[in-house]
Amino acid sequence: MAEKTDEQQQQLDHALVMSIQADHKAGMQGQPLPYQLRSDAVVTSIVLVCFILFSYALKHGKKYVVQRIKSLFQYKERTSLFDEASASSNRYTFTLTLITTTLAGLYIYEYISETNPILIKSVTNELLLGIYIGAALLYITFKGVVYEFVNWIFFDKERNKYWIQTYFDLVSGASFLLFPVVLLIIYFNLGIQTSKTLIIFLLVFAKILLFYKSIRNFFKHVYGFLHFILYFCALEIIPLILFWKGITYINNILVLKF
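Okay, so let's go over this structure. The structure displayed is predicted, hence computed values, not measured ones.

**Concerning empty space enclosed by the protein**
Point 1. Taken as a whole and judged by the stated rule, the model has 2 cavities of 30 Å³ or more.
Point 2. Here the largest cavity is characterised by a volume of approximately 50 Å³.
Point 3. Along its surface, the largest cavity is lined by Y64, V65, R68, I69, Y92, T93, L96, D169, S172, G173 and F176.
Point 4. At the level of elements, α2 (41-71), α4 (91-115) and α7 (157-187) are the ones that each hand at least two residues to the lining of the largest cavity.
Point 5. Here the second largest cavity is characterised by a volume of approximately 40 Å³.

**So, the pattern of salt bridges**
Point 1. Across all of its chains, the model carries 2 salt bridges by this definition.
Point 2. Taking the shortest distance from any N to any O, the salt bridge between E236 and K143 comes out at 2.8 Å. Linking E236 in helix α9 (residues 225-257) with K143 in helix α6 (residues 125-154), this pair joins segments that are 93 residues apart in sequence.
Point 3. Classification of E236 by relative accessible area gives buried; the value is 2%.
Point 4. In this structure, K207 and E236 form a salt bridge, with 2.6 Å as the shortest nitrogen-oxygen distance. Taken together, the positions of K207 in helix α8 (residues 192-217) and E236 in helix α9 put the pair 29 residues apart, joining distant regions of the chain. Of the two residues examined, K207 and E236, each falls in the buried class.

Thresholds, definitions, all that
- Every chain is numbered on its own, with residues counted from 1 as its sequence reads.
- Reporting of local features is limited, given that this is a predicted model, to residues whose pLDDT is at least 70; pairs of side-chain atoms are given and counted only at 80 or more, and all residues count toward the totals for whole chains, interfaces and linings.
- Only hydrogens and water are set aside when side-chain values are computed; all heavy atoms of the structure are taken into account.
- Grid spacing is 1 Å over the protein atoms alone, the probe is 1.4 Å, and a cavity is where that probe fits but cannot get out, while a pocket is an open set with protein on both sides within 12 Å along at least five of seven lines and lining residues have an atom within 4 Å of a point.
- Grid points are joined across faces, edges and corners, and a volume is the space filled by probe spheres set on the points.
- In DSSP terms, a helix is any run of H or I states spanning at least four residues, a strand is any run of E spanning at least two, and both are numbered starting from the N terminus.
- For this analysis, a salt bridge means a side-chain nitrogen from Lys or Arg found within 4 Å of a carboxyl oxygen belonging to Asp or Glu.
- In this scheme, a residue with accessible area under 20% of its type's maximum is buried, one over 50% is exposed, and one in between is partly exposed, where area comes from a 1.4 Å probe on protein chains only.

Everything listed is a geometric property; what it means functionally is a separate question.
Laid out in structure tokens, this is it:
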């Protein structure tokens, strides 16, 4: 009698297991959530570091930063030895420049994640972010070196120094406009077309400002206008095109490798 009861219990257990398995097979399979920047811990950490660096620059060097940004829209025939911005440390400019390159790398990563999903699935996020941020930093540094060399050949030392300072002031000042745009992209799902329009607007604005500063600093006379066009295209337009071509080439290599 006991053996018969055990046999019936085993049959009931088997039937219950089969029923559960059947229910699992009949159910709908879950779909993974799409990748979002705001859910990426690495992206959030980078944004937090940028915020801390911003706080540091504004807390300790607010007067210096404001003075340097104002100088972008002014022109002096020669820099003063008693100019506080010229005499103080350049650590705040370096800090804001580092923020600009980091935010630029974040935007490139966001743009690539929308336009090249195969690359995002193949390569780790940390590697891509490191490559794009490093590429932006290398681009800014390379342009500074090229400016130093070309201006050393064609222009005097004072104008060369003024131009280098203006260039890095502009790069560091761009962080104040780029930071809110990147926040909108990450945390408010700003559309790719809208974000691209804003970035292009910021880039064009920066180039126009450099255009104006170049004329005032190097080419004040009409006969130097052709020289100026060659100078501006060679040092502003072509490097930007080569930078984006380099990013595309790196992406293709990563896809083939991984």
